[in-house]
Amino acid sequence: MLSADEKSIIENSIRDIEDFPKPGIVFKDITTLLNNKEAYATLMNHLAKRYESYNLDYIAGIDARGFIFGAALAQMLGLGFVPIRKKGKLPYTTISEKYALEYGVDEIEVHIDAFGAKKGARVLIIDDLIATGGTANAAAKLVNQTGAKCVECCFIIGLAFLEGIKKLQEQTDVYSVIEVN
């Protein structure tokens, strides 16, 4: 559990950018969290403490900001890291999952052997933010399609008012370090 001071350190390190990428959107900029050594350490230590008892086998990060948090957390916990990438970015045989965007469809993929030969490998998926949940839902489906088990999806920021968290909770547990209502 985050203390009030730890939560404040993390929240105060995230910058709001008005009207980005288009008018009416308030973009949550995590680059200011990443370049703040106290905030980044506070966040990563919190995540390591939270997940040390989950008996995880892998951390999977969603392209691309999930790589920043996922690889660091995997190293801290002594686990392997698996990238979940946009279509066409992985060099070996993959499986893919499509998901709806506001206008159109996108697709992510993972290597078919990303979680090793162990069926039921316990996987945590991590990304910087959940909004509508399309990418995260597709990522959880991909993990489960490999024979592994997505035990939780973790986000630094959860935009609860967009209901992506509720949709994802139909498939797996969800944790957001910071929730915006």
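Cut-offs applied
- Just so you know, the residues in each chain are numbered from 1, in the order the chain's sequence is written.
- pLDDT decides what is reported in this predicted model: residues at 70 or higher carry local features, side-chain atom pairs at 80 or more are listed and counted, and totals for whole chains, interfaces and linings draw on all residues regardless.
- Neither water nor hydrogens contribute to the side-chain values; these are computed over all heavy atoms in the structure.
- Geometry is summarised by axes, namely lines fitted to C-alpha atoms with helices restricted to the contacting stretch, and by angles between N-to-C directions that run from 0 to 180 degrees.
- Strands here mean DSSP runs of E at least two residues long; helices mean DSSP runs of H or I at least four residues long; both are numbered from the N terminus.
- Orientation categories follow fixed angle ranges, with anything under 35 degrees roughly parallel, anything over 145 roughly antiparallel, 65 to 115 roughly perpendicular, and all other angles oblique.
- For any pair of crossing helices, the crossing counts as left-handed if the nearer helix is rotated counterclockwise from the farther one by less than a right angle, and right-handed if it is rotated clockwise.
- In what follows, a contact means two residues having at least one pair of non-hydrogen atoms within 4.5 Å.
- Think of it as three bins: nonpolar holds Ala, Val, Leu, Ile, Met, Phe, Trp, Tyr, Cys and Pro, charged holds Asp, Glu, Lys and Arg, and polar takes everything else, Gly as well.
- A pocket here means an open set of points on a 1 Å grid, computed over the protein atoms alone, that has protein on both sides within 12 Å along at least five of seven lines. A cavity is instead a set of points where a 1.4 Å probe fits but cannot get out; residues with an atom within 4 Å of a point line either one.
- Grid points are joined across faces, edges and corners, and a volume is the space filled by probe spheres set on the points.
- Each Phe, Tyr or Trp ring (for Trp, its six-membered ring) is paired with any other whose centre lies within 6.5 Å, and the angle between the two planes then decides the class: stacked below 30 degrees, edge-to-face above 60, tilted in between.
- To sort residues, take the accessible area from a 1.4 Å probe on protein chains only and compare it with the maximum for the residue type: under 20% means buried, over 50% means exposed, and anything in between is partly exposed.
- Any Lys NZ or Arg CZ found within 6 Å of a ring centre and within 35 degrees of that ring's normal is scored as a charge over the ring.

Engineer: Give me the packing of helix H3 (residues 37–51) against helix H4 (residues 65–77): which residues, what numbers.
Structural biologist: Where H3 contacts H4, the two axes come as close as 10 Å, and the packing angle between them is 55 degrees. Overall, the two elements H3 and H4 adopt an arrangement that is oblique. In terms of crossing hand, the pair formed by H3 and H4 is right-handed. Contact residues: H3 offers Tyr 40, Leu 43, Met 44, Asn 45, Leu 47, Ala 48 and Tyr 51, while H4 offers Ile 68, Phe 69, Ala 72, Leu 73, Met 76 and Leu 77. Looking at the contact of H3 with H4, its residues break down into twelve nonpolar, one polar and no charged.

Engineer: Give me the layout of surface pockets: which residues, what numbers.
Structural biologist: Picture a little ball the size of a water molecule; that probe, rolled over the atoms, points out where space is still empty. Its boundaries defined by the atoms lining it, the largest pocket holds a volume of some 1300 Å³. Lining the largest pocket are 40 residues, and of these Leu 129, Ile 130, Ala 131, Thr 132 and Thr 135 sit closest to its centre. Of all the secondary structure elements, the ones that give two or more residues to the lining of the largest pocket are strand S2 (26–29), strand S5 (94–101), strand S6 (104–111), strand S7 (122–130), helix H5 (134–145) and strand S8 (149–159). At six residues, H5 tops the list of elements feeding residues into the lining of the largest pocket. Here the lining of the largest pocket is built from residues that sort into 21 nonpolar, six polar and 13 charged.

Engineer: Quick rundown of the packing of aromatic side chains? Include the residues and the values.
Structural biologist: Per the stated rule, a full pass over the model turns up five aromatic pairs. Centre to centre, the rings of Phe 20 and Phe 27 are 5.1 Å apart; their planes meet at 85 degrees, and the pair counts as edge-to-face. With a relative accessible area of 43%, Phe 20 lands in the partly exposed category. Relative accessible area serves as the criterion here: at 26%, Phe 27 is assigned to the partly exposed category. On the numbers, 4.8 Å between centres and 70 degrees between planes, the contact of Tyr 51 with Tyr 54 is edge-to-face. Judged by relative accessible area, which is 1%, Tyr 51 ranks as buried. Between Arg 50 and the ring centre of Tyr 175, over which it is positioned, the NZ or CZ distance is 3.7 Å.

These figures capture arrangement, not role.
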